[in-house]
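Coordinates in review
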Amino acid sequence: MSRTVVIHQPDFLPHLGFFHRFLQADLWVILDNVQFVHKTSKSWNNRDKIKTPQGEKWITVMVQKCTLQTNISEVLLSTEIAWRNDHLNLIKENYKKAPYFSEIFPFLEELYRFECGKMIDFNLKSIDMLLKLFDIKISSLLASTLNPAGRKNKLLVDILKKVNASVYLSGVGAKSYFEQKTFDDAKIKVIWQDFKHPVYPQLHGEFKPYLSSIDLLMNCGIEKSRMILKEGVK
C-alpha cells in the first residue's frame, strides 16, 4: 500500500503552499529536531508576511535568545515583549476592511490567547487553526519521537523508512541539496510539489503571492478559501 509523506518544519501561520502538500499526503512528519533558523532571508520558523497599504510586512513571533545550534523544539517564547497584542493590532489595522474580517479575526484572537512557553507549541496551534479553517485532515507526528539519524538527505530517508513511506512529497526548495541516489537506495519515490499560487481579490493594490494564509481567508472567507486551495490539487 502506497503511503505519501511530507516532512516539514512547523512554521508560523504558513502560506498556502504549505497546506497544498497536505491535500496530497497521508502523513506530515513535523521536523522539530533541526536547527532553528532565524535572522536570514530563508527564515520562516517564527514569522510570515501580511499585506499592508505600504506593501508586505513581517509579523514575527518573539523568542528568547538562543544559541545557533538550538533545535526548533527547544526555542522559548519571549515573555518580555507584548508581541501577542502587537500582532493582533497589526492584523486588525490592515485587514479590518477585508470582506471577511469579522469571520476570521475571532479565530486569531483565540490563537493569541493560547498560553504556552515554547515556539513550537504556538506555531503548531496556528497550523492547527488553519487546517481546520481549510478543512484539511492529515495525521502528524514529531520527527524527534522517531530518533532519526543522519543529516540532510540521510536524515529524511531515515525518517521516511521509520514511518513506512513509499512516496516522499517534497517542496521544490529542497532541490538544491537533493541526492537522488539516497532515495533510490531506500526505494522511496520522490515527487516534487507542483504548486501554482492562486490569484484572488486582495486589499491594498496589486496582488502579492506567498503571504500568510490568513490573507486568503480574510479576503475570501472560509468556504471560498477552501475551494480556491483545493482547486490547485491535481
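Quick note: structure is the one above.
Each value, and the rule that gives it
- Residues numbered from 1 in each chain as written.
- Predicted model: local features only at pLDDT ≥ 70, side-chain atom pairs only at ≥ 80, totals over all residues.
- Heavy atoms only, no water.
- Disulfide = S-S within 2.5 Å.
- Buried < 20%, exposed > 50% of the residue type's maximum accessible area, 1.4 Å probe, protein only.
- Helix = DSSP H or I, 4+ residues; strand = E, 2+ residues; numbered from the N terminus.
- Pairing = 2+ DSSP bridges.
- Axes fitted to C-alpha atoms, helices over the stretch in contact; angles between N-to-C directions.
- Contact = heavy atoms within 4.5 Å.

To continue, consider the state of the cysteines. The full count for this structure, using the stated rule, is zero disulfides. For Cys66, which is in no disulfide, the shortest distance to another cysteine sulfur is to Cys116 and amounts to 16 Å. The partly exposed category is assigned to Cys66, whose relative accessible area is 28%.

Our next topic: unusual backbone geometry. At Leu13, a residue that is not glycine, the phi angle is positive and equals roughly 40°. Along the polypeptide, Leu13 turns up in the loop between β1 (4–8) and α1 (16–22). Here Asn147, not a glycine, exhibits a phi torsion of approximately 50°, which is positive. By secondary structure assignment, the location of Asn147 is in the loop between β5 (139–142) and α5 (152–162).

In space, the five strands of this open sheet follow the order β5-β2-β1-β6-β7, with parallel pairing throughout. Of all the strands in the sheet, just β5 and β7 (189–192) have a single pairing partner and so form its edges. On average, adjacent strands in this sheet sit at an angle of 30° to one another, irrespective of strand direction. Relative to β7, strand β6 (residues 167–170) runs parallel, the two being bridged by four bridges. In the strand pairing of β7, Leu169 is matched with Ile191. The strands that α5 touches are β1, β2 (27–30) and β6; relative to β1, the one it contacts most, it runs at about 135°.

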